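Now for the letters of each chain:
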Amino acid sequence: MEIIVKDTVDEASAIVAEILLRQVEEKPDCALGLPTGATPLGVYARLIEDFRNGCGCYNRAHAFNLDEYLGIPGTDTASYAFYMRENLFRHIDFMQRNIHIPDGSAADASAEATRYETQIAARGGIDLMFLGLGRNAHIGFNEPGSPHDTRTRRVALTASTMEANARYFAPGSRQPTHAITMGIGTILESRRIVVLATGIEKASAVAASLAGPMTDAVPGSALARHAHTTIVLDRDAAHELDRILALEIDA
Ligand code: PGA
């Protein structure tokens with residue numbers, strides 16, 4: 001596992017954007033796994049800026065979103081389909097047919113999860129999976145307790161995740177309690193994984209994931225099972241990592 005620590009969120013985001021850009025250059029028809037949330041916004045902003053400057057071509061690439069809320073349609077402004085459209089897809093040249101996001105309004109969530117797994121497999125798996133890390137160390141919506149061999153499925157969100165994400169819902173609107181997420185097993189089958197975690201509120205989750213025991217209680221600890229994972233942190237997120245002896249400081 002490679003760990004890169006940068007001084008600022010901007011610098012950390014630039015590293016991840018560069019990794020994504022390189023992937024698309026090396027394999028134009030690659031499959032990218034993409035996350036939502038606050039963390040990726042700086043990465044997506046850079047990809048958009050690069051694209052406007054003539055860098056990056058996504059018209060043969062496929063995008064597979066990590067997760068989606070259940071019970072809201074993709075047109076809802078709180079849906080991850082909406083987030084991805086607004087924060088990335090509508091600004092660059094992804095083909096609509098190559099954008100894959102679980103359908104949060106599916107009547108049968110488990111059939112939808114199976115369909116999603118089949119789509120990923122049909123593309124030959126994910127080449128590069130970009131992930132954030134939850135404050136509770138979740139990856140995707142694989143909450144603490146998720147076994148490391150899980151597949152895409154319907155999950156219940158924990159109170160801490162709902163609290164962390166409450167800011168995205170208008171006061172009085174109904175916040176989803178469930179989601180469809182790629183499983184940890186699904187994520188670990190990606191050829192390469194890059195994780196971005198920034199901010200002091202992620203420091204404990206980063207330390208538990210990278211320096212603690214491998215356990216279902218810490219979904220991020222599953223990353224150590226993967227042979228080609230790059231973790232990109234800012235100094236705040238790396239704050240509790242001094243227990244890792246081989247920490248590579250690349251500032
Ligand atoms: P955040 O979420 O980027 O909004 O902090 C990360 C995650 O939950 O994976």
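**Digging into the state of the cysteines**
Part 1 of the argument: This structure, assessed with the given rule, holds zero disulfides.
Part 2 of the argument: You can see Cys30 has no disulfide; the closest cysteine sulfur is in Cys57, sitting 11 Å from it.
Part 3 of the argument: Under the relative-accessibility criterion, Cys30 is labelled buried at 0%.

**Digging into the site of the ligand**
Part 1 of the argument: Close to the ligand lie Gly37, Ala38, Thr39, Gly132, Leu133, Gly134, His138, Arg167, Tyr168 and Lys202, which account for all nearby residues.
Part 2 of the argument: Taking Thr39, its side chain carries an N or O atom lying 2.4 Å from an oxygen atom of the ligand.
Part 3 of the argument: Between the ligand and the protein, one listed contact pairs an oxygen atom with a side-chain N or O atom of Arg167 at 3.4 Å.
Part 4 of the argument: Coverage of the ligand by the protein chains reaches 85% of its 280 Å² of free accessible surface.
Part 5 of the argument: Assessed atom by atom at 2 Å from the grid points, the ligand resides in the largest pocket.

**A few points about the pattern of salt bridges**
In a structure, side chains of opposite charge can pair up when their charged atoms sit close to one another.
Part 1 of the argument: Following the criterion strictly, the structure yields eight salt bridges and no others.
Part 2 of the argument: Residue Asp7 pairs with Arg235 through a salt bridge whose shortest N-O separation is 2.6 Å. Of this pair, Asp7 sits in the loop between β1 (2-6) and α1 (9-26) while Arg235 sits in the segment after β10 (229-234), and the two are 228 residues apart along the sequence.
Part 3 of the argument: Note on Asp7: relative accessible area 44%, which makes it partly exposed.
Part 4 of the argument: Residue Arg235 is classed as partly exposed on the basis of its relative accessible area of 35%.
Part 5 of the argument: With a shortest N-O distance of 2.8 Å, Arg191 and Asp127 are connected by a salt bridge. Placement of Arg191 in the loop between α6 (184-188) and β9 (192-197) and of Asp127 in the loop between α4 (109-122) and β6 (128-131) is noted, with a sequence separation of 64 residues between them.
Part 6 of the argument: Connected through salt bridges with shared partners, the residues Lys27, Asp127 and Arg191 form a single ionic network.

**Description of the sheet that holds β9**
Part 1 of the argument: Sheet architecture is open: seven strands sit in the order β1-β10-β9-β6-β2-β3-β5, paired in parallel fashion. Here the strands that pair on one side only, and so sit at the sheet edges, are β1 and β5 (99-100).
Part 2 of the argument: With two bridges joining them, strand β3 (residues 62-65) and β5 adopt parallel strand pairing. When the bridges of β5 are listed, Ala63 appears paired with Ile99.
Part 3 of the argument: Seen against the sheet, α4 touches β3 and β5 and runs at an angle of roughly 150° to β3.

**Description of the pairing of β1**
Part 1 of the argument: Extensive coverage of β1 is indicated by the burial of four of its five residues.
Part 2 of the argument: In this structure, β1 lies alongside β10, joined through five bridges in parallel fashion. Its bridge partner being in β10, Ile3 is matched across the sheet by Ile231.

**Things to note about the sheet that holds strand β7 (residues 153-156)**
Sheet strands line up and pair through hydrogen bonds in the backbone, either parallel or antiparallel.
Part 1 of the argument: If you trace the three strands from one edge of the open sheet to the other, you get β4-β8-β7, paired in antiparallel fashion. Strands with a single pairing partner mark the edges of an open sheet, and in this sheet they are β4 (67-69) and β7. Taken over all neighbouring pairs, the strand axes of this sheet differ in orientation by 30° on average, direction set aside.
Part 2 of the argument: One ladder, built from four bridges, connects β7 with strand β8 (residues 178-181); its direction is antiparallel. Looking across to β8, one finds that Arg153 is bridged to Thr181.

**Section: the packing of α1 against helix α2 (residues 41-52)**
The axes of two packed helices give the description: the angle between them and the distance between them.
Part 1 of the argument: One can describe the packing of α1 onto α2 by two numbers: an axis separation of 8 Å at closest approach and a directional angle of 55°. Between α1 and α2, the angle is such that the two are oblique. As α1 packs across α2, the resulting crossing turns out to be right-handed. Facing α1, whose interface residues are Asp10, Ser13, Ala14, Val16, Ala17, Leu20 and Leu21, α2 presents Gly42, Val43, Arg46, Leu47 and Asp50.
Part 2 of the argument: For the contact of α1 with α2, the class distribution of residues is seven nonpolar, two polar and three charged.

Calculation rules
Residues numbered from 1 in each chain as written. Predicted model: local features only at pLDDT ≥ 70, side-chain atom pairs only at ≥ 80, totals over all residues. Heavy atoms only, no water. Disulfide = S-S within 2.5 Å. Buried < 20%, exposed > 50% of the residue type's maximum accessible area, 1.4 Å probe, protein only. Near = heavy atom within 4 Å. Polar contact = N/O pair within 3.5 Å; in protein donor to acceptor, adjacent residues only side chain to side chain. Areas by Shrake-Rupley, 256 points an atom, 1.4 Å probe, with all protein chains shown as cover. 1 Å grid on protein atoms, 1.4 Å probe; cavity = no way out; pocket = protein on both sides within 12 Å on 5 of 7 lines; lining within 4 Å. Sits in = over half its atoms within 2 Å of the grid points. Salt bridge = Lys/Arg side-chain N within 4 Å of Asp/Glu carboxyl O. Helix = DSSP H or I, 4+ residues; strand = E, 2+ residues; numbered from the N terminus. Pairing = 2+ DSSP bridges. Contact = heavy atoms within 4.5 Å. Axes fitted to C-alpha atoms, helices over the stretch in contact; angles between N-to-C directions. Parallel < 35°, antiparallel > 145°, perpendicular 65-115°, else oblique. Left-handed = near helix turned anticlockwise from the far one by under 90°. Nonpolar A, V, L, I, M, F, W, Y, C, P; charged D, E, K, R; others polar.

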